[in-house]
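# Remarks on the overall topology
Listed below, chain by chain, are the residues.
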Amino acid sequence: MLFVVRFTDNRERLATRKEFLPAHLEWLEAHDKNVLVPGSLRPEPDAAPIGACWIVEAENKNEVEHLLQSDPFWVQGLRQSYEILHWSKAFPERQVLV
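Notes on the structure follow. (Residues numbered from 1 in each chain as written. Predicted model: local features only at pLDDT ≥ 70, side-chain atom pairs only at ≥ 80, totals over all residues. Heavy atoms only, no water.)

Attention shifts here to the packing of aromatic side chains. The tally for this structure, following the rule as stated, stands at four aromatic pairs. Plain terms: the ring middles of tryptophan 74 and tyrosine 82 are 5.1 Å apart, the flat faces sit at 70 degrees to each other, and that makes the pair edge-to-face. Here the aromatic cluster, defined as three or more aromatic residues joined through ring pairs, consists of Phe7, Trp27, Trp54, Trp74 and Tyr82. Above the ring of phenylalanine 91, the side-chain terminus of arginine 94 is found at 4.2 Å from the ring centroid. (Phe/Tyr/Trp six-rings, centres within 6.5 Å; stacked < 30°, edge-to-face > 60°. Lys NZ or Arg CZ within 6 Å of the ring centre and 35° of its normal.)

Take a look at the structure:
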């Protein structure tokens, strides 16, 4: 199943992003079979990230939740909250390079 995960960052922990970004990127690489499309969200192109959005493939929401809670950004308190939504791709056969 496909899911969209929308994260909101904790404004009091923004320095955590810089400190743990290498570990977070390494974690994403290690979980690329599940976290298909990860990326930060910003109000403007040059603004600091305020959260993130991922497209995740998993068996169920519990698997997604367990996975994201092992991400260094979650473990270190950067992420304030998250929302996990089922995603139904409108054209499943269409391949898109992002």
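A word on the side chain of arginine 17. Inspection of the secondary structure assignment puts arginine 17 in helix H1 (residues 15–30). On the basis of relative accessibility, which here comes to 14%, the residue arginine 17 falls in the buried class. Beyond its immediate stretch of four places on either side in the chain, arginine 17 contacts Asp9, Pro49, Gly51, Phe73, Leu78 and Arg79. (Helix = DSSP H or I, 4+ residues; strand = E, 2+ residues; numbered from the N terminus. Buried < 20%, exposed > 50% of the residue type's maximum accessible area, 1.4 Å probe, protein only. Contact = heavy atoms within 4.5 Å.)

A separate point is the sheet that holds strand E3 (residues 51–57). Spatial ordering of the open sheet is given by E2-E3-E1-E4, a layout of four strands whose pairing is antiparallel. Because the sheet does not close on itself, it has two edges, and the strands there are strand E2 (35–41) and strand E4 (79–86). Within the sheet, the average angular offset between the axes of one strand and its neighbour, ignoring direction, is 15 degrees. Where E2 and E3 come together, six bridges link them in antiparallel fashion. Bridging across to E3, valine 35 finds its partner in valine 56. Here H1 sits on the sheet in contact with strand E1 (2–9), E2, E3 and E4, set at roughly 10 degrees to E3. Most of the contacts of helix H2 (residues 61–68) go to E4, to which it runs at about 155 degrees, and overall it touches E1, E2, E3 and E4. (Pairing = 2+ DSSP bridges. Axes fitted to C-alpha atoms, helices over the stretch in contact; angles between N-to-C directions.)

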